[in-house]
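# Structural overview
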Amino acid sequence: MKKIYKLLICVLILTMFTGCSQATSKRNAKEIIEDMILYYGTYESKSKDKVNDLLEELEDVDF
């Protein structure tokens, strides 16, 4: 009986991890560009580092 509970717990944990990985899927190009516009419009010259990070993310998405 304990083996069944251990097996069920393992299956539950594995399904939780697969669900979490889907929630952190990559964003699409439109969302990244919207964030770039938002950061630049809000922080202007201070946003350079964040915009560069978003550009790198956009390169990964837009292949």
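Please refer to the structure higher up on the page.
Please read all numbers here as calculations on a predicted model, not as lab measurements.

This brings us to the nonpolar core. Within the largest apolar cluster, 5 residues are counted, these being I32, M36, V51, L54 and L58. Here this core gets 3 residues from one element, more than from any other, and that element is helix α3 (residues 48–61).

Next up on the list: α3. Between its terminal C-alpha atoms α3 stretches 20 Å, which fits the 20 Å expected from 14 residues at 1.5 Å a residue. Among all positions in α3, only V51, L54 and L58 are buried. Buried residues of α3, seen end-on, are gathered within an arc of 60° and therefore sit on one face of the element. Turned more than 90 degrees away from the buried face of α3, the exposed residues are D49 and E59.

What counts, and at which threshold
- Residues numbered from 1 in each chain as written.
- Predicted model: local features only at pLDDT ≥ 70, side-chain atom pairs only at ≥ 80, totals over all residues.
- Heavy atoms only, no water.
- Core = buried A, V, L, I, M, F, W, Y, C linked by side-chain atoms within 4.5 Å.
- Buried < 20%, exposed > 50% of the residue type's maximum accessible area, 1.4 Å probe, protein only.
- Helix = DSSP H or I, 4+ residues; strand = E, 2+ residues; numbered from the N terminus.
- Expected span 1.5 Å × (residues − 1).
- Arc of directions from axis to C-beta.

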